[in-house]
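So you can see what is in the structure, the chains are spelled out below.
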Amino acid sequence: DTEVTQTPKHLVMGMTNKKSLKCEQHMGHRAMYWYKQKAKKPPELMFVYSYEKLSINESVPSRFSPECPNSSLLNLHLHALQPEDSALYLCASSPHAQGPYTGELFFGEGSRLTVL
Amino acid sequence: AQSVTQPDIHITVSEGASLELRCNYSYGATPYLFWYVQSPGQGLQLLLKYFSGDTLVQGIKGFEAEFKRSQSSFNLRKPSVHWSDAAEYFCAVKLIKAAGNKLTFGGGTRVLVKP
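Our subject in this report is the structure included herewith. (Residues numbered from 1 in each chain as written. Chains lettered and ligands numbered in written order. Predicted model: local features only at pLDDT ≥ 70, side-chain atom pairs only at ≥ 80, totals over all residues. Heavy atoms only, no water.)

### Some details on the pairing of strand E8 (residues 73-79) of chain A
Residues and elements named next belong to chain A.
Then, in step 1: Bridging between strand E3 (residues 18-25) and E8 involves seven bridges; their strand directions are antiparallel. What sits directly across from Leu21, in E8, is Leu76.
Then, in step 2: In terms of strand pairing, strand E7 (residues 64-70) meets E8 through five bridges, oriented antiparallel. Residue pairing for E8: Pro66 is matched across the bridge by Leu76. (Pairing = 2+ DSSP bridges. Helix = DSSP H or I, 4+ residues; strand = E, 2+ residues; numbered from the N terminus.)

What follows is the structure, encoded as structure tokens:
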């Protein structure tokens, strides 16, 4: 099993809604990531969890709230988003939490978010 | 400024022809280097990586890349392109001495394959 599974694949929400994106991996990976990708742009790092602890927050607005309930799950809670937050949100994991192998990322297919 | 540059935004290649995608980096020391591919509507997939040693590295799907320290480049190549290679390709770097797990991506190159 070498998959990173993201749900939902598509999400449409209003600016007052609260929703969550979910990510799951069963590869025993020790680090998990959230990336944001706008159309025709590279992924931008949002958050990194290493050993289930938040290790990097790339100055992401507080309307995005990550959560790592256990080593296999990663959530991104969304609240009071803006239309400019519409994007593809990618989850990734890496086998190691330190060293060069943290660059070896396994990505999910993403959750496409539209904020109305 | 530290950066990863992919000079070509789009490349169109005929099926069966060779492909070369350019990647240049600007850092004080050689970083760890990666190439990822993203097919339409999909997440990214790691093609290959370079940490040290042999400067020609082999990856999946018939791709290879050559690290050239003198040119600060890590170009991706494929001898014969298949229609399924149409995708977005991202070069990425991880600084050796950087704290944390931050991977920096280049702007990407979109590859179109003509029949």
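After that view, the rundown keeps rolling.
### Quick notes on the packing of aromatic side chains
The relative placement of two aromatic rings is captured by the distance of their centres and the angle of their planes.
Then, in step 1: Inspection of every chain in the model, using the stated rule, returns 13 aromatic pairs over all chains.
Then, in step 2: Consider the rings of Phe90 of chain B and Phe105 of chain B, whose centres lie 6.1 Å apart with planes at 80 degrees: the pair is edge-to-face. Highlighted residues: Phe90 of chain B in strand E10 (residues 87-94) and Phe105 of chain B in strand E11 (residues 104-105), separated in sequence by 15 residues.
Then, in step 3: Residue class for Phe90 of chain B comes out buried when judged on its relative accessible area of 1%.
Then, in step 4: A residue is classified by how much of its surface remains accessible, and Phe105 of chain B, at 9% relative accessible area, is buried.
Then, in step 5: Taken together through their ring pairs, the aromatic side chains of Tyr33, Tyr35 and Phe107 of chain A together with Tyr36, Phe90 and Phe105 of chain B make up a single cluster. (Phe/Tyr/Trp six-rings, centres within 6.5 Å; stacked < 30°, edge-to-face > 60°. Buried < 20%, exposed > 50% of the residue type's maximum accessible area, 1.4 Å probe, protein only.)

### As for the state of the cysteines
Residues and elements named next belong to chain A.
Then, in step 1: Within the structure shown, the criterion is met by two disulfides over all chains.
Then, in step 2: Shown here is the disulfide that connects Cys23 with Cys91, its sulfur atoms set 1.9 Å apart. Between Cys23 and Cys91, the S-S torsion sits near -75 degrees, and that sign places the bridge as left-handed. Of the two residues, Cys23 sits in strand E3 while Cys91 sits in strand E9 (residues 87-94), which places them 68 residues apart along the sequence. (Disulfide = S-S within 2.5 Å.)

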